[in-house]
Amino acid sequence: MNRSIESIMTWLTEQVQSKQIISPQQYVEAAAYLNILKGEEDSKLIQLKSDVAKMRQDLLPRSKSVAEVKLIIEASDKYREMKLQEAYLERIEETIKISKLYARLKNDEVKHY
């Protein structure tokens, strides 16, 4: 398994779509790698949030209202990029949780046989 977030997520998706069996060990390994590698994605989100905050800070003195600033910010490409990054990180975090849970369930299933 290649060790990048994108390759791990793609591999898991392909396994699920082709109805391949994923061992508990593979799930735990995927979750561990995702958890380790997501630090870079967290840093991207922090930078994007900082950029959006700076935009807000720059716009506020020149705008008529906070609502106007909010509208301008939410229409920007930087805000869109930030929201996409948040969603991407949420998918990664959910994949980690599901992988660990699935591995635990499969392991318990094997113990009962």
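Residues numbered from 1 in each chain as written. Predicted model: local features only at pLDDT ≥ 70, side-chain atom pairs only at ≥ 80, totals over all residues. Heavy atoms only, no water.

(A) Local environment of the pattern of salt bridges. Taken as a whole and assessed by the stated rule, the structure comprises seven salt bridges. Salt-bridge contacts for K38 lead to D42; the nearest nitrogen and oxygen are separated by 3.2 Å. One end of the pair, K38, and the other, D42, are both in helix α2 (residues 24-59), four residues apart, so they sit about a helical turn from each other. Accessibility expressed as a relative area gives 11% for K38, which makes it buried. The partly exposed category is assigned to D42, whose relative accessible area is 26%. Of the charged contacts in the structure, one is a salt bridge between K83 and E86, with a shortest N-O distance of 3.1 Å. On the criterion of helical spacing, the pair formed by K83 and E86 is a turn pair, its members being three residues apart in helix α4 (residues 77-111). According to the relative accessible area criterion, K83 is partly exposed, its value standing at 38%. Of the residues examined, E86 reaches a relative accessible area of 18% and is grouped as buried. (Salt bridge = Lys/Arg side-chain N within 4 Å of Asp/Glu carboxyl O. Helix = DSSP H or I, 4+ residues; strand = E, 2+ residues; numbered from the N terminus. Buried < 20%, exposed > 50% of the residue type's maximum accessible area, 1.4 Å probe, protein only.)

(B) Focus on the side chain of S99. Secondary-structure assignment places S99 in helix α4. A relative accessible area of 1% means that S99 is categorised as buried. Setting aside anything within four residues of it in sequence, one finds S99 in contact with L12, Y27 and A31. (Contact = heavy atoms within 4.5 Å.)

(C) Highlighting the nonpolar core. Residues I5, I8, L12, L34, I73, M82 and I92 are the most contacted members of the largest nonpolar core, which totals 23 residues. Mapped onto this core, the elements with two or more residues apiece are α1 (5-17), α2, α3 (66-74) and α4. Counting residues per element, this core draws most heavily on α2, which supplies nine residues. In contact with L34, not counting residues within four places along its chain, are I5, I8, M9, I92, T95 and I96. (Core = buried A, V, L, I, M, F, W, Y, C linked by side-chain atoms within 4.5 Å.)

(D) Main features of the packing of α1 against α2. In contact at an axis separation of 9 Å, α1 and α2 are set at 145° when each is read in the N-to-C sense. The hand of the α1/α2 crossing is left-handed. Side by side, α1 and α2 meet where I5, I8, M9, W11 and L12 of the first sit next to Q26, Y27, A30, Y33, L34, L37, K38 and E41 of the second. Of the residues assigned to the contact of α1 with α2, the class counts are ten nonpolar, one polar and two charged. (Axes fitted to C-alpha atoms, helices over the stretch in contact; angles between N-to-C directions. Left-handed = near helix turned anticlockwise from the far one by under 90°. Nonpolar A, V, L, I, M, F, W, Y, C, P; charged D, E, K, R; others polar.)

(E) Seen up close, the environment of A30. On the secondary structure map, A30 appears in helix α2. In this structure the C-alpha to C-alpha distance between A30 and T95, which are 65 residues apart in sequence, comes to 9.0 Å. Dropping the residues within four chain positions of it, A30 is found in contact with I8 and L12.

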